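# Observations on chain architecture
Spelled out, the chains give:
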Amino acid sequence: MPRLGHWIEPHPHGIYIPPADAWVDPSRPVDRALVTHGHADHARGGHGKVWATPATLAIMDTRYGEQADPCAVDYGEPQRVGEVDVTFLPAGHVLGSAQILLEYAGERVIVSGDYKRRSDPTCVPFKPTPCDIFITEATFGLPVFRHPEVTDELDKALLALREEPERCVLIGAYALGKAQRLIAELRAMGHADPIYIHGAMQRLCDLYQTFGVDLGELRPATGATKAEMAGHIIVAPPSALQDRWTRRLPDPITAMASGWMRVRQRAVQKGVELPLIVSDHADWDELTATIEELRPKEVWVTHGREDALIHWCQLRQIKARALDLLGFDDEDD
């Protein structure tokens, strides 16, 4: 009897599905790609035919140029790719993000991509779906990573503004997903003031709004005076926090929104005055709760922090293995 998942071939550059003659999230150009979401470690330009959600395709067009042969797939809409039935399911990571359900030879395999279980006003929540093999990320696959409530973290930024209204709070946030989520969460908390954004954020914020995500009044930080930005929140890519660009800001309180801010040394290394523990990835409790909910026969783990999650699975009589995939980057989560 063939082993479970014998028709799937993990490679360092992605997951190849021979009966579909297609790759999931390949790290180099291929003829046929199934893409979970638009982050650069999962989506790249140069592919032939690309299956992805409409929002992910729009993000890819914005970031990498127009796709040669796009195939837009709505959530829950089955597609036949070669001999495999493929269904994209919400992953709750960023706008358009998807898990990919692969059905072949009587087996159901889900490639999670990146995901989280927390609510997020900018994307459709994760949809738990039973499967035989669950291929899961483990970006925060250690018990030390337990993310706090987003509102509690953002309250710290709002408090800093109230206490020092002559300054601004400069939040470093990944340009795709994290920045828009922070802005939308602040709006949901009642923060109606204009929010200033770095120029690198503009196109993606505009794209989110075309997909119905209300981000309120956004203003470009470039060209604004220090007096205008005093007492306001400014959102910029993490790379801009130590850039000369910050000299135009009114004595910024430097913050960074990332799950890695749980690690104090990382905040110190990056010169962050106000660490905000906000992640778009599942934390340890979410990873383990998801596996318990799905009850797969096997768990395959990616993203480099596999050992603890594999051990947790084995203690519960769930077969687990690590996949050695290259190119995944979590520094700016």
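Residues numbered from 1 in each chain as written. Predicted model: local features only at pLDDT ≥ 70, side-chain atom pairs only at ≥ 80, totals over all residues. Heavy atoms only, no water.

### Here's the deal with the packing of helix H2 (residues 150-163) against helix H3 (residues 178-188)
- The interhelical angle for the contact between H2 and H3, taken along N-to-C directions, is 85°, at an axis separation of 11 Å. Relative to H3, the element H2 is oriented roughly perpendicular. Contact residues: Val-150, Leu-154 and Leu-158 in H2; Arg-181, Leu-182, Glu-185 and Leu-186 in H3. (Axes fitted to C-alpha atoms, helices over the stretch in contact; angles between N-to-C directions. Helix = DSSP H or I, 4+ residues; strand = E, 2+ residues; numbered from the N terminus. Parallel < 35°, antiparallel > 145°, perpendicular 65-115°, else oblique. Contact = heavy atoms within 4.5 Å.)

### Here we look at the sheet that holds strand E3 (residues 22-24)
- Spatially, six strands are ordered E1-E2-E3-E4-E5-E6 in an open sheet, and the strand pairing comes out mixed. Single-partner strands in this sheet number two, and they are strand E1 (9-11) and strand E6 (69-72). Direction aside, neighbouring strands of the sheet carry axes that sit 25° apart on average.
- Looking at chain direction, strand E4 (residues 32-34) and strand E5 (residues 49-52) are connected through three bridges and run parallel. The residue bridging Arg-32 from the neighbouring strand is Lys-49, located in E5.
- Across the face of the sheet, helix H1 (residues 54-64) comes into contact with E5 and E6 while running at roughly 130° to E5. (Pairing = 2+ DSSP bridges.)

### As for the packing of helix H7 (residues 284-294) against helix H8 (residues 307-315)
- At a minimum axis distance of 11 Å, the contact between H7 and H8 shows a crossing angle of 35°. For the crossing formed where H7 meets H8, the hand is right-handed. On the side of H7, the interface is formed by Trp-284, Leu-287, Thr-288, Ile-291 and Glu-292, while H8 contributes Ala-308, Leu-309, Trp-312 and Cys-313.
- Residue classes in the contact of H7 with H8 are distributed as seven nonpolar, one polar and one charged. (Left-handed = near helix turned anticlockwise from the far one by under 90°. Nonpolar A, V, L, I, M, F, W, Y, C, P; charged D, E, K, R; others polar.)

### Considerations on the side chain of His-37
- Relative to the helices and strands, His-37 resides in the loop between E4 and E5.
- Polar side-chain contacts of His-37 include one of 3.5 Å to the side chain of His-39.
- Of the polar contacts made by the side chain of His-37, one reaches the side chain of Asp-114; its length is 3.3 Å.
- Excluding residues within four positions of it along the chain, His-37 makes contact with His-42, Ala-43, Thr-56, His-93, Val-94, Ser-97 and Asp-114. (Polar contact = N/O pair within 3.5 Å; in protein donor to acceptor, adjacent residues only side chain to side chain.)

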